[in-house]
Amino acid sequence: MIPTSFDYTRPSTVDEAVSTLRAAGEDAKILAGGQSLIPVLRLRLAAPSTLIDLGGISDLVGIRSDGDSLVIGAMTSHAEVAASDLVRQHAPMVAEAAQSIGDPQVRHMGTFGGSLSHADPAGDLPSVALALDAAMVVAGPEGRREVAAGDFFTDHFTTVLGADEILVEVRVPKLAGWGMRYVKFNRVAQAWAIVGVAAAVRRDNGGIAEARVALTNMGPTPIRARGVEQALAGADADLDALRAACETAAEGASPSSDVTASAEYRGHLAKVLSRRAVAAAAGL
Amino acid sequence: MTVTEERPAAEVGHARRRKEDARLITGRTMWTDNITLPGMLHLAILRSPMAHARIATIDVGPARELPGVIAAFSGRDLAEDMASLPCAWPVTEDMVHPDHLPLAVDEVRHTGEAVAVVAARDRASALDGLEAIEVDYDELPVVLDMEAALADGADLVHADKGTNKSFTWVFDSAEAGSGGNVADALDGAEVKLSRRYVQQRLIPAYMEPRSVVVDPTGDVFTVWSATQIPHILRLMIAMTTGTPEHKVRVVAPDVGGGFGGKLQVTPEELIAFHVARRIGKPVKHTETRSESMQATHHGRDQIQFIDLTARRDGTVTGLNVRLLANMGAYLGLVTPGVPILGAFMYNAIYKIPAYRFECTGVFTNTAWTDAYRGAGRPEATYAIERIVDELAAELGLDPMEVRRKNWINHDEFPFTTVAGLTYDSGNYEAATDKATQLFGYDELRREQAARRESGDLVQLGIGISTYTEMCGLAPSRVLGALRYGAGGWESATVRVLPTGKVEVVTGTSPHGQGHETAWSQIVADQLGVPFEDVEVLHGDTRTSVRGLDTYGSRSLAVGGTALVKACQKVIKNAKRIAAHMLEASEDDLEFADGTWRVRGTPDAGKTIAECALAVFTSHDLPDGIEPNLDADATHDPENFSFPHGTHLCAAEVDTETGWVNIRKYAAVDDVGRVINPLIVEGQVHGGIAQGVAQALFEEAVYDESGNLMTGTFVDYTVPSAADLPAFDTDRTETPATGHPLGAKGVGEAGTIASTPAVVNAVVDALRPLGVNDVRMPCTPERVWQAIQEARR
C-alpha cells in the first residue's frame, strides 16, 4: 500500500528536531528506524502531516562508556547494539535482547531508541531496560531530563514523552558482578514475544543476594515481578528455591488474550520462563 | 537405490543448477507488476469490511472527483458486463452453485469481497479514491462454523438457495465393486477407532502477490497475469466475457510461486478486464499482501470423521470417512473437486477390504477455499496416517509394524485399491528400510524409552508417515467420470532451428518449478544437443497454443512425456533426411547420441543439427518430403502416477511450555526416475517445510464476526529456515511404468508426507501423559493445553 501524503523533514541536530517537532504540532511523527511506523503508514492506520526523520542526526548514533554507565544513542541500530563489545561486557542481556528482535533486516534498520519510544507491550527492550534500571535521556524545548525506565512506560504504546520531546539516549548502569539473561518465547523466529523475561542476579556466599526480574508482554507496559524479586533475595541458589520463588511471577500482571496466546497461558509461561531466566542468570 | 532400468543418458539425472534462477532470484525479469504500458492506469479495489451484508447504498461519485482518478465503478455499475466466475468442477448433478460476480452487486458474503474499483493515473491516487467511496451496509447474520451451518434453521450464506449445503458426494467400495461393505466391517469389528480431525484453514502465502495487466488497445485483449493457468484463464475469460477466444491472449510471465493459490480465475483478473474494456485503456492491479491474505482463495478447512476397524493382530478391515469441506462463500475454479481428490487417497498404501467416503460441501461466510499444495491428498493422508498410529497405540504395537502388516507388498504391484485406482508400481519396503536407517529409528526409540523412564521434562516422540499420492493429473476420461470440465492431457512442441539450436514450447506453466532446466535436460538427451542449446518457451497462449498448465504434480509426468514424444517425432523426421544425405537405406540407420548412423559404419552419420540445416536450405531433399523436422505432441496419461515414501520425524516436546522442537527429520521419497536431483531436493525441502507449517505454525482464524484475525505475517506465522531443522533426505527410484520418462511428480510429496509425521511425533511424545491428539497447528499453547487436559 501507499501512505497518504505528508511533509518530510530530516533535521541534522537534536535542537533542530525538537523545534521542528514543536512547530509541526500534534500531527507530526518522529521517524527512527521505521520498523513499526512505516507499516502503520502503509496500511493508512496513521496519517501524520509531518514526518521528522532522525536519521540525519549523527550524534544519536553510537555506544560509549561513561563512568558507571553505558550510554546507547537512540538511533543506534539493534544490530550495532547486539554486536557491541561494550554492551556484551557490561550489559550482555541488552545484546541478547537486541539480537532476538525480528530478522537481520529489521535489526539493521530498527533502532534502540525507536523501539523503546514505541513502547510496544511485546517489545523486548522495554523490559530489559526496566530490569536494569536504565535511565532515559529525553530532549525537549526546556533542555534535557532523565526519566527512570520504571517511570517511562505508561500504557500500551505510550510513554511519558511529551508531544515535543525526543528520546535521545539511554544510560544503562554497568552491573559488575551480576549475571543476566533475557529469555524470549515466540511462535516463529521473527515474531514478537508471547512472553519474555529479563532477569539479572547477583550472587553472594553461594546464594542469591539480589535479583531483578522484568516481564515482556504481561500487561500494557513492561512490569517488574516484585514478588519474585523479594522471594529470591537471600534464597538458596538451587532450582527448587527458584521454582518456589517464581510461582508468583504473574501476580499483578494483566496479560492480554489474543490470537497468539491466552492470558492463562501467558501467566503460566511467565512462571516457567522467569525460573529459567533467573537460573541462567544465576549460572545454574 | 532400487534402479530397475538403466539410465538413458548423461543429462537426465544430473544435478544441474537451474538456468532460470539468476533472473528469478535477482528479480531482473518480467514479473507482471513490472509491466508498464503507455497510458496505463492503476486499479485499487475496495473490499468489504463485513462478512455478510446487503449493500444498501454505494456511491463511487466522490472518488471520481479526485485528482488523478479517471474512473470508478461499483458492482452495480458493471452489473451488465459481468458474468459469474467459473466453477469447472460440478461434482454432483444437483450441486448448489451460487453465482459469484467479480464485484459484489447487492450482497457481500465474506470480508475482503470486492465491492468497487478505482482507476487512476498512479497507485496512490487510486488508493485515495478508495477512501472517498461511500458504502452503507445492512448487516446480515454471519455463518462461520460448518456444523452450525448445516443445522436446521441455520442462517444462510445464500438465502435464495435455501441451504448451506452445496453437495454430498459418496464413494462406496461395495457399490463400486472395488471392495466390501463398510457397514459389515463396522458391525463385526474386533477393534474400532473413531476420530474427528480438523484440517485448519491455510492461506497460500506465495512470494509474489497476484498481479494482472489488461491491454484492450490492440486487435486482441492481452492479459498478463501472475497465474499458474494461462490457458484455462484464456478460455474462461472468453466464456465469461463474451469475447471470442481468438481475441484473447493470456501471458503468464515469470510467476513467483503459487502452491495452488494461482490455480484460479480470480475476481481481480475479471475486474481488470471489465474496467479495461469499459474505458479502453490498459490497466494494472497488483494486490497488497494484506489483500492477498483476505481475498486469495484459502486451502484445507475440513472436518474429518474417520472410523477404522481392525483385527486385534493389527490387520485393518474397514475404513469409513465422513467429511465436511468448507467451500467458503462461493465455489472457485475447482473448489468442490479438492476434497473429492482426497477420496482416492484415504486408503493410502494399505490393503483395506472395505471403504466408504462421503463428503459434504458447506457454504460459510469466509473466503472461498480451493486448491492448496496437495489439494485433498494431504488431508486424506493426514487422517489415515494419524489413525493408523492410534490403532498401533490401541493394540500396543509398533506403528511401523502395523503399517508393514497392511501395506501393499512390492510383489503385489500393479495393485487395484479399494478406492478403484490401480497403483502401477511402488516399493514401500525399500523406502521404509532406507528411511529407518537414515533416521536411526531404533536408537531414537531407545532414547525415547530412557526419557520416559526418567520422567524428563522434555519428552521425545517419533512420528511416521508412509504416504503415497496420486500425481500426474490426469487421465482425461477419469476427469470426465468425476465431472471435471476439462481434460488432463499436455502438449509440447520441439523446433530445431537452422543452426541446430532447439526451441521447446510447453503447455505447462512453471511458477518456480524449474521446467526450463528439466525440460532442457530431457531434450539434450533425446536429441543429443548441448543443454545450453535448448530454450524453453511457456506461459503465452500465442507461443504455447495448447496447454493445460501446472498443478497437481503433473508437469513432468504428463508434459514431460509429451516432450519426449515430440522429440521422438523430430528424430523420426530427421531419419529420412539423414538417410538421403548418407545415401543409405532408412532400414540401415540407427540413432544414438543425437546422430543417425549407418549400422556398421560408425564414422558416417548425420546429426539432428545437420538435418535441420538440410531442411532449412531444402536444396537437396528426397522427393515429396515436407521440409520440416519440427513436431508437436500431446500426451493424455492412461493412469495417474503414484509417488510414495517414508518420512520420519523425531520431535522433542517441552512438557512445561508445550514447545515443539523437531530434533531430526528423515525423508526417503520415491518419485520415480529423477531428471534433476537438485530440483527434486528443492521440492522435497520446500514441501516438508510447508507441511511442517500446517502441523505446527499456520492457521487462518476468523473472529465471530467473520474478520480475518490472521491478516498479516505477524499473526499468520509462516515458518522460515530459522524455525526448521535440517532435513535428511534420500530416495529410492521405482520408475512409473506408464510412460517413457518413468517420473512420477514431486511437487506435493513433501507437503503431503510431513504434516502427519510431525503431529504423530508430537502425540507420540505425549502419549505416556495420556494425550492422544493435538489439534493442528500444534502451537505451544495447544500442546500445553492438551497436557493440562490429560492431567485433569
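Just so we're clear, the structure is a prediction, and the values are computed from it rather than from any experiment.

### Points about the overall build of chain A
Looking only at helices and strands, one finds 12 helices and 14 strands in chain A. A compact globule built from 284 residues would reach a C-alpha radius of gyration of about 19 Å, and chain A, at 19 Å, matches this within 12%. Expressed as a percentage of the 284 residues in chain A, the buried residues total 53%. Relative to all contacts within chain A whose residues are 6 or more apart in sequence, the contacts with residues 24 or more apart total 62%.

### Examining the domain arrangement of chain B
All names here are of chain B. Assigned domains of chain B: these are domain 1 (21-26 + 489-635) and domain 2 (424-487 + 640-792). Between the C-alpha centres of domain 1 and domain 2 there is a distance of 39 Å. At the junction of the two partners, domain 1 supplies 18 residues and domain 2 supplies 22 residues. Surface buried jointly by domain 1 and domain 2 totals about 1500 Å² across both partners, of which 62% is contributed by carbon and sulfur atoms. Here domain 1 is connected to domain 2 by 0 salt bridges. Of all the secondary structure elements, the ones that give two or more residues to the side of domain 1 that touches domain 2 are α17 (515-527) and α18 (555-582). A per-element tally of the side of domain 1 that touches domain 2 places α18 first, with 6 residues.

### Brief notes about the sheet that holds strand β11 (residues 178-185) of chain A
Residues and elements named next belong to chain A. The 4 strands are arranged β11-β12-β13-β14 in an open sheet whose pairing can be described as antiparallel. Edge positions in the open sheet fall to β11 and β14 (223-224), since each of these has one partner strand only. Note: strand β12 (residues 195-204) against strand β13 (residues 207-216), 9 bridges, orientation antiparallel. The residue of β13 that forms the bridge with valine 197 is leucine 215. Most of the contacts of helix α12 (residues 263-281) go to β12, to which it runs at about 35°, and overall it touches β11, β12 and β13.

### Topic: unusual backbone geometry
Omega for the bond connecting B:Phe413 with B:Pro414 falls within 30 degrees of zero, at -5°, which places this linkage in the cis form. Position of B:Pro414 among the secondary structure elements: in the loop between α13 (399-406) and β16 (415-416). The amide bond that connects B:Met776 to the next residue, B:Pro777, takes the cis arrangement and shows omega of -10°. Structurally, B:Pro777 can be placed in the loop between α21 (749-766) and α22 (780-791). A positive phi angle, close to 50°, is found at A:Asn205, a residue other than glycine. Within the element layout of this structure, A:Asn205 appears in the loop between β12 and β13. Of note in the backbone geometry, B:Arg483 takes a positive phi value of approximately 70° without being a glycine. Its location among the elements puts B:Arg483 in the loop between α16 (476-481) and β19 (490-496).

### Some points on the environment of B:Glu626
Within the element layout of this structure, B:Glu626 appears in the loop between α19 (608-617) and β25 (631-635). When the C-alpha atoms of B:Glu626 and B:Asn573 are compared, they prove to be 9.2 Å apart, with 53 residues separating the residues in sequence.

### Some points on the domain arrangement of chain A
Along its sequence, chain A is organised into domain 1 (7-55), domain 2 (62-173) and domain 3 (178-281). For domain 1 of chain A versus domain 3 of chain A, the separation of C-alpha centres amounts to 35 Å.

Parameters at a glance
Residues numbered from 1 in each chain as written. Chains lettered and ligands numbered in written order. Predicted model: local features only at pLDDT ≥ 70, side-chain atom pairs only at ≥ 80, totals over all residues. Heavy atoms only, no water. Helix = DSSP H or I, 4+ residues; strand = E, 2+ residues; numbered from the N terminus. Rg over C-alpha atoms; globule rule 2.2 N^0.38 Å. Buried < 20%, exposed > 50% of the residue type's maximum accessible area, 1.4 Å probe, protein only. Contact = heavy atoms within 4.5 Å. Domains from an automatic or database assignment. Buried area = accessible area lost by both parts, 1.4 Å probe. Salt bridge = Lys/Arg side-chain N within 4 Å of Asp/Glu carboxyl O. Pairing = 2+ DSSP bridges. Axes fitted to C-alpha atoms, helices over the stretch in contact; angles between N-to-C directions.

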